[in-house]
Amino acid sequence: MEGTVAWQGPDGSQALLLGATHEPRAELWRWTLAPGGRYDAEPDRPGAQEIHHVLSGRLTLALQAGPQVLVAGQSAVITSDQEYAYLNEDAEPVVFVRVVTGA
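Residues numbered from 1 in each chain as written. Predicted model: local features only at pLDDT ≥ 70, side-chain atom pairs only at ≥ 80, totals over all residues. Heavy atoms only, no water.

1. Some words on the overall build of the chain
In terms of helices and strands, the chain carries zero helices and ten strands. At 13 Å, the chain has a C-alpha radius of gyration in line with the 13 Å of a compact globule built from 103 residues. Each principal axis of the C-alpha atoms in the chain carries an extent, and together these give about 40 × 35 × 25 Å. Here the chain holds 103 residues, and 33% of them are scored as buried. Accessible surface, the chain as shown: approximately 5,700 Å² in total, 52% of it carbon and sulfur. Side chains of the chain give 6 positive and 13 negative charges; the mean places of these two sets differ by 3 Å. (Helix = DSSP H or I, 4+ residues; strand = E, 2+ residues; numbered from the N terminus. Rg over C-alpha atoms; globule rule 2.2 N^0.38 Å. Buried < 20%, exposed > 50% of the residue type's maximum accessible area, 1.4 Å probe, protein only. Areas by Shrake-Rupley, 256 points an atom, 1.4 Å probe, with all protein chains shown as cover. Lys, Arg positive; Asp, Glu negative; His and termini not counted. Charge placed at Lys NZ, Arg CZ, Asp CG, Glu CD.)

2. Observations concerning the pattern of salt bridges
One pass over the structure, following the stated rule, counts four salt bridges. Between aspartate 40 and arginine 38 there is a salt bridge, with the nearest N and O atoms lying 2.8 Å from each other. You can call aspartate 40 partly exposed: its relative accessible area is 45%. Overall, arginine 38 belongs to the partly exposed group, its relative accessible area being 45%. Across the pair arginine 98 and glutamate 50 runs a salt bridge whose closest N-O atoms are separated by 2.8 Å. Of this pair, arginine 98 sits in strand β10 (residues 94-101) while glutamate 50 sits in strand β5 (residues 49-56), and the two are 48 residues apart along the sequence. Accessibility assignment for this pair places arginine 98 and glutamate 50 in one class, buried. (Salt bridge = Lys/Arg side-chain N within 4 Å of Asp/Glu carboxyl O.)

3. Quick word on the sheet that holds strand β7 (residues 66-71)
The sheet built from four strands is open, its strands ordered β4-β9-β6-β7 with antiparallel pairing. Strands at the two margins of the open sheet, each flanked by one partner only, are β4 (38-41) and β7. On average, each strand axis in the sheet is inclined to that of its neighbour by 15°, with strand direction left out of account. Both strand β6 (residues 58-63) and β7 contribute to a ladder of six bridges, which runs antiparallel. Bridge pairing in β7 places leucine 59 opposite leucine 70. (Pairing = 2+ DSSP bridges. Axes fitted to C-alpha atoms, helices over the stretch in contact; angles between N-to-C directions.)

4. A few points about the nonpolar core
Leu59, Leu61, Tyr86 and Phe96 are the most contacted members of the largest nonpolar core, which has 17 residues in total. Among the secondary structure elements, those contributing two or more residues to this core are β3 (26-33), β6, β8 (75-79), β9 (84-87) and β10. (Core = buried A, V, L, I, M, F, W, Y, C linked by side-chain atoms within 4.5 Å.)

5. Considerations on the environment of threonine 79
The topology assignment puts threonine 79 in strand β8. Using a relative accessible area of 39% as the deciding quantity, one classes threonine 79 as partly exposed. Here the alpha-carbon distance between threonine 79 and aspartate 40, two residues 39 residues apart in the chain, equals 15 Å. Setting aside residues no more than four positions away along its own chain, threonine 79 makes contact with Ala48 and Gln49. (Contact = heavy atoms within 4.5 Å.)

What follows is the structure, encoded as structure tokens:
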């Protein structure tokens, strides 16, 4: 698969940047989190948002307002100008697409 590996965990988890625009700023990502995998994100600038769409597995978004769980076929939009994390609390890998705007 084409793209640039921007992050890789010791468990095989990875974030693959598939493409980006300059203005307005948008990024397209494909993420894989191994079982038990976690990624703690830094807050983006005010007004930034992310769209997540789960391709397989179950993704937990750890947000300041509380966790949000998505399964394969589900999508969510979050503001990313907060502390947040991606977690895989299942025994199978989770694969999801992430679109970032305004970061």
